[in-house]
Amino acid sequence: MQQTTIAILGAGAWGVALANLATANNHDVRLWSRRGSQTLETVVKDAQIVLSAISMKGVSDVASQIKSLPLSPQTIFVTATKGLDPKTTCTPSQIWQTVFPHHAVVVLSGPNLSQEIQQSLPAATVVASNNRPGAEFVQLVFSSHCFRVYTNPDPIGVELGGTLKNIIAIAAGVCDGLHLGTNAKAALVTRGLTEIIRIGKSWGAKTETFYGLSGLGDLLATCNSPLSRNYQVGYQMAAGKTLAEILSHLPGTAEGVNTCQVLVQLAKQQSIAVPISEQVYRLLQGEITPRQALEELMLRDIKAEYN
Ligand SMILES: NC(=O)C1=CN([C@@H]2O[C@H](COP(=O)(O)OP(=O)(O)OC[C@H]3O[C@@H](n4cnc5c(N)ncnc54)[C@H](O)[C@@H]3O)[C@@H](O)[C@H]2O)C=CC1
Ligand SMILES: O=C(CO)COP(=O)(O)O
């Protein structure tokens, strides 16, 4: 394909890994970081793709800064952030689409631990959009012999799969940290998927999306890898460390911590049952110990597997 000009916003672990993938495909890549020397204006000027790999806490602010800059109407926005905005409870793609209603917005999400991608190990991801040509263009830009990109027409499902699994990854870290065994882990991750689907369906996502790369796939990756920062949060809490201690040494962002707060509040307002997320929330708040969280989950009323 022809060389594409891509502005990548956020020079953290994921932004750099995505920039390297695009550079390896011979695209013209400009990386922006809030601490870098280049202005946002210079970086997004004439960009065909603006890809955001900024932590959730910075998305809204950076999107509004770009709003006042000159952009081609054809510019495609790609969001690779996995989180929920604490102020508005919106997903990153909802923020980008609200600020840029006439542009294509594509969600990029999948089982993509950045350290493995940096080593050129094989991986697959999903690009999802209501704008099919936009998603297909992004698919071409990033596909390579080590990065297989699938399209999907359910952006909210793909985005929620990547976002909500971070909460389950914290729980999985606790499970491994407490040495609860393989049966417990399988039960936790499977019931975690049921919880994600329950929320996703009620927020307009398709069930089948969560059985794909951005739901089950990302659960398998992050619930089983010490490379996952969210998993590390849970694992280290099980070892008795406080959340503050863990976060002060964590390399990069564990979005599940903020996502869990936003989700539990929303689920309460909307009467959606989120038993695992609720225990993760109480644990992160310091209200209960990892063992108490486990007991709460095991002692819930017995019920049918599916309602
Ligand atoms: N690292 C990974 O393996 C993957 C990460 N993600 C997601 O990508 C996002 C970024 O993750 P990482 O790169 O790992 O985190 P990171 O902590 O390494 O980097 C975060 C980036 O966001 C920027 N940022 C933070 N607050 C900002 C603000 N207020 N204004 C402007 N920029 C701000 C930081 O300067 C940094 O460049 C997260 O939502 C994460 O869930 C998704 C897939 C894989
Ligand atoms: O989303 C990820 C892999 O798909 C990265 O997981 P962590 O943010 O937990 O490191």
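Just above, that's the structure.
Report on the accompanying structure. (Residues numbered from 1 in each chain as written. Chains lettered and ligands numbered in written order. Predicted model: local features only at pLDDT ≥ 70, side-chain atom pairs only at ≥ 80, totals over all residues. Heavy atoms only, no water.)

1. Quick look at the environment of L180
You can see L180 is positioned in the loop between α7 (155–177) and α8 (182–202). Judged by its relative accessible area of 26%, L180 falls in the partly exposed class. Placed 72 residues apart in sequence, L180 and G252 show a C-alpha to C-alpha distance of 27 Å. Beyond its immediate stretch of four places on either side in the chain, L180 contacts C175, R291 and L294. (Helix = DSSP H or I, 4+ residues; strand = E, 2+ residues; numbered from the N terminus. Buried < 20%, exposed > 50% of the residue type's maximum accessible area, 1.4 Å probe, protein only. Contact = heavy atoms within 4.5 Å.)

2. Digging into unusual backbone geometry
We note that N26 has phi near 65°; this positive angle belongs to a residue other than glycine. Considering the arrangement of structural elements, one finds N26 in the loop between α1 (13–24) and β2 (28–32). In this structure, H179 is a non-glycine residue whose phi angle is positive, near 55°. Of note, H179 is situated in the loop between α7 and α8. On the basis of relative accessible area, H179 is assigned to the exposed category, the value being 66%.

3. Comments concerning the pairing of strand β5 (residues 105–109)
With five of its five residues buried, β5 lies for the most part within the structure. Every second residue of β5 is oriented toward a common face, with V105, V107 and S109 on one face and V106 and L108 on the other, all of them buried. Relative to β5, strand β4 (residues 76–79) runs parallel, the two being bridged by three bridges. Looking at β5, one finds that T79 is bridged to V107. In this fold, β4 hands off to helix α4 (residues 92–99), which returns the chain to β5; that crossover is right-handed. For β5 and strand β6 (residues 123–128), the ladder comprises three bridges, and the chain directions are antiparallel. Each bridged residue has a counterpart across the sheet, and for L108 the counterpart in β6 is V127. (Pairing = 2+ DSSP bridges. Right-handed = clockwise from strand over helix to strand, strands pointing away.)

4. Some words on the packing of aromatic side chains
Counted by the stated rule, this structure contains four aromatic pairs. Seen in terms of ring centroids, F77 and F100 are 4.2 Å apart; in terms of plane orientation they differ by 20°. Their pairing is stacked. Of the two residues, F77 sits in strand β4 while F100 sits in the loop between α4 and β5, which places them 23 residues apart along the sequence. In this structure F77 comes out as buried when scored by relative accessible area, which is 2%. Three or more aromatic residues joined by ring pairs form one cluster here, namely F77, W96 and F100. Sitting over the face of the ring of F100, K67 holds its NZ or CZ atom 5.8 Å from the ring centroid. (Phe/Tyr/Trp six-rings, centres within 6.5 Å; stacked < 30°, edge-to-face > 60°. Lys NZ or Arg CZ within 6 Å of the ring centre and 35° of its normal.)

5. Section: the packing of α7 against helix α9 (residues 213–222)
Between α7 and α9, whose axes approach to 8 Å, the crossing angle comes to 30°. Relative to α9, the element α7 lies roughly parallel. Here α7 and α9 pass one another in a crossing that is right-handed. Between α7 and α9, the residues in contact are V158, G161, G162, K165, I168 and A169 and S214, G215, D218, L219 and T222, respectively. Considering only residue class, the contact of α7 with α9 consists of four nonpolar, five polar and two charged. (Axes fitted to C-alpha atoms, helices over the stretch in contact; angles between N-to-C directions. Parallel < 35°, antiparallel > 145°, perpendicular 65-115°, else oblique. Left-handed = near helix turned anticlockwise from the far one by under 90°. Nonpolar A, V, L, I, M, F, W, Y, C, P; charged D, E, K, R; others polar.)

Such coordinate-based values are descriptive only and should not be taken to indicate function.
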